[in-house]
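Working through the structure, step by step
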Amino acid sequence: MTRSVFRFLSRQPETPDLNSASHRLRLPRYDDFEQWHALRRDSRAFLQPWEPTWRSDELTERAFRARVVRNGQEFQSGLAVPFLLFSQTDQVLLGGLTIGLIRRGASQSCMIGYWMGERHAGKGHMFAALQLAIPYIFRVLELHRIEAACIPDNEKSIRLLEKAGFQREGLLREYLKIDGKWRDHAMLSRLSDRAAGNGNKENS
């Protein structure tokens with residue numbers, strides 16, 4: 001284990017749990033399966049155009065339990081923080097947000113990705129989740145740069161990121177295989193307000 005991972009672990013709670021008056025981000029647990037399964041199943045046609053092709057066992061309980069184990073390992077190793085997003089009032093699952101590809105050393109950066117259940121889309125939930133995640137990334141993880149990649153056709157996602165303070169940087173050609181096809185992605189980023197003259201300000 002490298003020094004950077006020790007440094008990561010030394011400042012992390014055992015189970016990160018981010019809360020506002022209306023939303024909660026926490027790591028997935030085995031008992032989330034029923035909600036996760038129902039939401040992903042009902043949202044399949046809505047989500048598939050923006051995600052890698054689903055495996056034949058994608059929605060099985062066995063695959064979900066393996067995902068939970070893998071998510072815990074990724075967090076403990078300092079590689080990712082995979083959150084599920086819940087409504088605070090009734091703990092209904094809304095979607096997910098992952099802080100992934102965490103790089104230390106000279107980079108001090110990460111990549112975020114997210115998904116929202118179809119019936120919860122367009123209601124401001126993911127913007128609220130970003131308001132929880134961004135301060136956590138900069139203040140707790142102490143990273144310098146957050147990256148996000150979006151298919152250019154996904155205008156709603158790009159507008160969401162720009163509203164949250166991200167700026168477009170360029171185009172990544174055939175960056176990810178999405179829904180069975182290699183797709184170009186727009187790269188957006190947000191920098192910590194510790195970066196001199198970057199113009200980004202963290203939300204309080």
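What comes next is a walk through the structure. Along each chain, residue indices are assigned from 1 in the same order as the chain's sequence is written. It should be noted that, the model being predicted, local features are given only for residues of pLDDT at least 70 and side-chain atom pairs only at 80 or more, the latter also being counted only at that level, while totals for whole chains, interfaces and linings use all residues. Neither water nor hydrogens contribute to the side-chain values; these are computed over all heavy atoms in the structure.

**As for the overall build of the chain**
To keep it simple, the criterion reads: A run of DSSP states H or I qualifies as a helix once it reaches four residues; a run of E qualifies as a strand once it reaches two. Both are numbered from the N-terminal end. The buried label applies to any residue whose accessible area, calculated with a 1.4 Å probe on protein chains only, is under 20% of its type's maximum; exposed applies above 50%, and partly exposed to all values in between. Contact between two residues is taken to exist if any of their heavy atoms lie within 4.5 Å; hydrogens are not considered. Method for areas: the Shrake-Rupley scheme with a 1.4 Å probe, in which residue coverage is limited to the protein chains shown.
Helices and strands together make up the secondary structure of the chain, namely six helices and eight strands. Counting only residues that meet the buried cut, the chain has 47% of its 204 residues in that class. Long-range pairs, those at least 24 residues apart, make up 63% of the contacts in the chain between residues at least 6 apart in sequence. Counting only carbon and sulfur atoms, one obtains 51% of the accessible surface of the chain, whose full area is about 10,900 Å².

**Observations regarding the nonpolar core**
What counts here: To define a nonpolar core, start from buried Ala, Val, Leu, Ile, Met, Phe, Trp, Tyr and Cys residues and group those joined through side-chain atoms within 4.5 Å.
Within the largest apolar cluster, 35 residues are counted, with the highest numbers of intra-cluster contacts made by Leu-25, Val-81, Ile-99, Ile-112, Ile-137 and Phe-166. At the level of elements, strand 3 (81-87), strand 4 (93-103), strand 5 (109-116), helix 5 (125-140), strand 6 (145-150), helix 6 (155-163) and strand 8 (181-191) are the ones that each hand at least two residues to this core. The element best represented in this core is helix 5, accounting for nine residues.

**Some details on the pairing of strand 5**
Formally: By definition, two strands form a pair when at least two bridges between them are found by DSSP. For crossovers, right-handed means that the path from the first strand over the helix to the second runs clockwise, given strands pointing away from the viewer.
Counting buried positions along strand 5 gives six out of eight residues, so the element sits mostly inside the fold. Both strand 4 and strand 5 contribute to a ladder of seven bridges, which runs antiparallel. Within strand 5, the residue paired with Arg-103 across the bridge is Ser-109. Bridging between strand 5 and strand 6 involves three bridges; their strand directions are parallel. In the sheet register, Met-111 faces strand 6, and the bridge partner there is Glu-147. Crossover strand 5 to strand 6 through helix 5 is right-handed.

**Some details on the pattern of salt bridges**
Condition: Definition used for salt bridges: Asp or Glu carboxyl oxygen within 4 Å of a side-chain nitrogen of Lys or Arg.
According to the stated counting rule, one finds 14 salt bridges in the structure shown. The residue Asp-42 makes a salt bridge to Arg-119 at a minimum N-O spacing of 3.5 Å. Here Arg-119 lies in the loop between strand 5 and helix 5 and Asp-42 lies in helix 2 (residues 33-42), a separation of 77 residues in the sequence. Assessed through its relative accessible area of 40%, Asp-42 is described here as partly exposed. Owing to a relative accessible area of 45%, Arg-119 belongs among the partly exposed residues under this scheme. Put simply, Arg-168 and Glu-162 hold a salt bridge, and the shortest N to O gap is 2.9 Å. Salt bridges sharing common partners tie together Arg-55, Asp-57, Glu-58 and Arg-67.

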